[in-house]
Amino acid sequence: ILGFCQGYECARLNGTGGLLYVHELAVLPAYRRRGVGKTMLDMLKILCRLSGIRRVFLITQRSNLPAVALYEAARGRPAHTDDVVYVFDDLDVP
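Report on the accompanying structure. (Residues numbered from 1 in each chain as written. Predicted model: local features only at pLDDT ≥ 70, side-chain atom pairs only at ≥ 80, totals over all residues. Heavy atoms only, no water.)

**Considerations on the nonpolar core**
To be explicit about the condition: We call a set of buried Ala, Val, Leu, Ile, Met, Phe, Trp, Tyr and Cys residues a nonpolar core when their side-chain atoms join them within 4.5 Å. Exposure categories follow from relative accessible area, calculated using a 1.4 Å probe and restricted to protein chains: below 20% of the type maximum is buried, above 50% is exposed, and the middle band is partly exposed. The helix count covers DSSP runs of H or I at least four residues long, the strand count covers runs of E at least two residues long, and both are numbered beginning at the N terminus.
Of all hydrophobic cores here, the largest spans 13 residues; its most connected members are L20, L25, L41 and L44. For this core, the secondary-structure elements that each account for two or more residues are β2 (18–27), α1 (36–51) and α2 (65–73). The biggest single contributor to this core is α1, with five residues.

Here it is, written out as structure tokens:
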């Protein structure tokens, strides 16, 4: 195994086709920058298309330059420039 990709299908109720959230994509350090990550993303896109999933999305930091380069090489694009990720650590409800 040189790497892996893990994600979740998010069903849409509005009839526009499902989404796939890529939670994690990793390649062993010795095999990075050799096309392994891009091949995984390309194969993932084919599987999604065959399954009726119309869009793939993921979250990364702008400062993660290797990841940004990979996602752009795989023809990904930032969805928005003003996205904010909220984290809810306090699970107590008042």
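**Quick word on the pattern of salt bridges**
The line we're drawing: Each reported salt bridge corresponds to a side-chain nitrogen of Lys or Arg within 4 Å of a carboxyl oxygen of Asp or Glu.
Going through the model one piece at a time under the given rule, you end up with two salt bridges. We note a salt bridge from D42 to K38, for which the minimum N-O separation is 2.8 Å. Linking D42 with K38, this pair stays in helix α1, spanning four residues, or about one helical turn. Accessibility expressed as a relative area gives 31% for K38, which makes it partly exposed. K45 is the partner of D42 in a salt bridge, and the nearest nitrogen-oxygen pair spans 3.9 Å. Remark: K45 and D42 occur in helix α1; sequence separation between them is three residues, near one turn of the helix. You can call D42 partly exposed: its relative accessible area is 24%. For K45, a relative accessible area of 29% corresponds to the partly exposed category. When salt bridges with common partners are traced through the structure, they connect K38, D42 and K45 into a single cluster.

**Focus on the packing of aromatic side chains**
Stated formally: In this analysis, rings of Phe, Tyr and Trp, with Trp reduced to its six-membered ring, are considered paired at centre separations within 6.5 Å, and the interplanar angle assigns stacked below 30 degrees, edge-to-face beyond 60, and tilted for intermediate values.
Enumeration according to the criterion identifies two aromatic pairs in this entry. Taking 6.5 Å as the distance between ring centres and 15 degrees as the angle between the ring planes, the aromatic pair formed by Y8 and Y21 counts as stacked. Within this pair, whereas Y8 is found in strand β1 (residues 3–10), its partner Y21 is found in strand β2, the two being separated by 13 residues in sequence. Ring plane angle 40 degrees and centroid distance 5.3 Å describe the contact between Y21 and F57, whose orientation is recorded as tilted. Here Y21, found in strand β2, pairs with F57, found in strand β3 (residues 53–57); they are 36 residues apart in sequence, far enough to count as distant. Here Y21 falls in the partly exposed class, since its relative accessible area comes to 22%. With relative accessibility at 31%, the residue F57 sits in the partly exposed group. One aromatic cluster in this structure is built from Y8, Y21 and F57.

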